[in-house]
Amino acid sequence: MSFSDFSSSKRAANAPQQAPNSGGFSARGSDVLSQISDVLLQYQRNVGILEKIVQSLSSLRSDEELALQYKAQVDVIGQLQEKLTRLLQQTKKSSSTQQMAAVVKLQRDFERVQARALALQQTAAKLQLQATSRRTATVVSSSSTKSVSQNGNVQQVDSYQQIQVQLQHDRLQEEIMREREEEIRNINRGMHTVNEIYKDLAHIVGSQQEDIDRIETQMEDANANAQSGLKQVEKANEKYGQANCLIS
């Protein structure tokens, strides 16, 4: 099981529908282990980006911007290494027996990725040394080597463009994810507003229904009184005759 699987399993273990196990992870311990797993995943991604940059260094003669990107990645990786080392040390001091097994697994994963990062930095140092040697040789090369240098520059531009396209693609994906998340939040807010409006309308209709029922009752009473009055008038007309009481 990789540390990415461990991070997913720890989140599932913290779900509300599962009761806590008295012999398992504590809530705080699970949160710390999940935090370590997340940082370790980010650490692995940055090492992957570093590997792409080092691969580009192997085909480039000189590129200051690429060198700056390499330096920036090394700095980020160093910060993540320090954070992971600190978190692992703190967790070891306060972990239970079962948590310690997970911490040891994360420690092994961290050391494996760290070894990979160190190997990449060593490779980059060799490539930079070779690039320096090639630049020195280019200064004293003959005119016949200028065409080879031009071909190298074409490869340099192609490799640099590929890296830029990959970085732009990654940034675009991050922007898309952020926009989707914002749209979902807006939809949720809109649904909440509509729900509140429906509740207000239901309350208004409910409060007015009593008035409508009372008016309807009064109209029925008035109609009954009118009918009763009409019958009384008709009886009076029949009793006293049409000469004395005429209904039009």
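A. Summary view of the overall build of the protein chain. Secondary structure summary: the protein chain contains five helices and zero strands in total. Order of helices (α) and strands (β) in the protein chain, N terminus to C terminus: α-α-α-α-α. Pairs at least 24 apart in sequence give 77% of the contacts found in the protein chain among residues at least 6 apart. A total accessible area of about 17,600 Å² is found for the protein chain, and carbon and sulfur atoms account for 54% of it.

B. Representation of the packing of aromatic side chains in the model. Summed over the entire model, instances satisfying the criterion amount to one aromatic pair. With a centroid separation of 5.6 Å and 55° between ring planes, the pair formed by Tyr-43 and Phe-110 is classed as tilted. A residue pair is termed long-range when its members are at least 10 positions apart, and Tyr-43 in helix α2 (residues 27–57) and Phe-110 in helix α4 (residues 97–139) qualify at 67 residues. Using a relative accessible area of 0% as the deciding quantity, one classes Tyr-43 as buried. With relative accessibility at 3%, the residue Phe-110 sits in the buried group.

C. Here's a closer look at the nonpolar core. Counting 28 residues, the largest nonpolar core has Ile-36, Tyr-43, Val-47, Val-54, Tyr-70 and Leu-84 as its most contacted members. Looking at this core, the elements with two or more residues in it are α2, α3 (64–94) and α4. With eleven residues, α2 is the largest single contributor of residues to this core.

D. Representation of a nonpolar patch on the surface within the structure. A cluster of nonpolar residues, Val-194, Ile-197, Tyr-198, Leu-201 and Ile-204, forms a patch on the protein surface that exposes about 480 Å² of accessible area. According to the relative accessible area criterion, Ile-204 is partly exposed, its value standing at 41%.

E. Representation of the environment of Glu-111 in the model. The residue Glu-111 is located in helix α4 in this model. Sequence separation between Glu-111 and Gln-81 is 30 residues; the distance between their C-alpha atoms is 9.8 Å.

F. Quick peek at the pattern of salt bridges. This model, assessed by the stated rule, comprises eight salt bridges. Lys-105 serves as the salt-bridge partner of Asp-109, at 2.9 Å between the closest nitrogen and oxygen. Of this pair, Asp-109 and Lys-105 both sit in helix α4, four residues apart, roughly one helical turn. Residue classification places Asp-109 among the buried positions, given a relative accessible area of 2%. The exposure class of Lys-105 is partly exposed, given its relative accessible area of 23%. Notably, a salt bridge pairs Glu-182 with Arg-189, separated by 3.5 Å at the nearest N-O pair. Owing to a relative accessible area of 33%, Glu-182 belongs among the partly exposed residues under this scheme. Linked by salt bridges that have partners in common, Lys-105, Asp-109 and Arg-112 make up one network.

G. Quick look at a negative patch on the surface. On the surface, Glu-210, Asp-213, Glu-216, Glu-220 and Asp-221 cluster together to form a negatively charged patch. Looking at the element boundaries, Glu-216 is found in helix α5 (residues 146–240).

H. Up close: the environment of Ala-67. With respect to the element layout, Ala-67 can be found in helix α3. Ala-67 sits in the partly exposed class, given a relative accessible area of 33%. Sequence-wise, Ala-67 and Val-54 are 13 residues apart; in three dimensions their C-alpha atoms are separated by 9.6 Å.

I. Structural detail: the side chain of Ser-56. Mapped onto the elements of the fold, Ser-56 is located in helix α2. Judged by its relative accessible area of 8%, Ser-56 falls in the buried class.

J. Representation of the confidence of the model for the protein chain. Overall, the predicted model of the protein chain reaches an average pLDDT of 76, with 75% of residues at or above 70. Of all helices and strands in the protein chain, the one with the weakest mean pLDDT is helix α1 (residues 3–13) (48), whereas α3 scores best (86). In the predicted structure, residues 5–25 sits below a pLDDT of 50 and forms 27 contacts with residues beyond four places in sequence or in another chain.

Cut-offs and rules
- Residues numbered from 1 in each chain as written.
- Predicted model: local features only at pLDDT ≥ 70, side-chain atom pairs only at ≥ 80, totals over all residues.
- Heavy atoms only, no water.
- Helix = DSSP H or I, 4+ residues; strand = E, 2+ residues; numbered from the N terminus.
- Contact = heavy atoms within 4.5 Å.
- Areas by Shrake-Rupley, 256 points an atom, 1.4 Å probe, with all protein chains shown as cover.
- Phe/Tyr/Trp six-rings, centres within 6.5 Å; stacked < 30°, edge-to-face > 60°.
- Buried < 20%, exposed > 50% of the residue type's maximum accessible area, 1.4 Å probe, protein only.
- Core = buried A, V, L, I, M, F, W, Y, C linked by side-chain atoms within 4.5 Å.
- Patch = residues over 30% accessible without salt bridge, like charges linked within 9 Å, V, L, I, M, F, W, Y side chains within 5 Å.
- Salt bridge = Lys/Arg side-chain N within 4 Å of Asp/Glu carboxyl O.
- Lys, Arg positive; Asp, Glu negative; His and termini not counted.
- Charge placed at Lys NZ, Arg CZ, Asp CG, Glu CD.
- pLDDT = per-residue confidence, 0-100.

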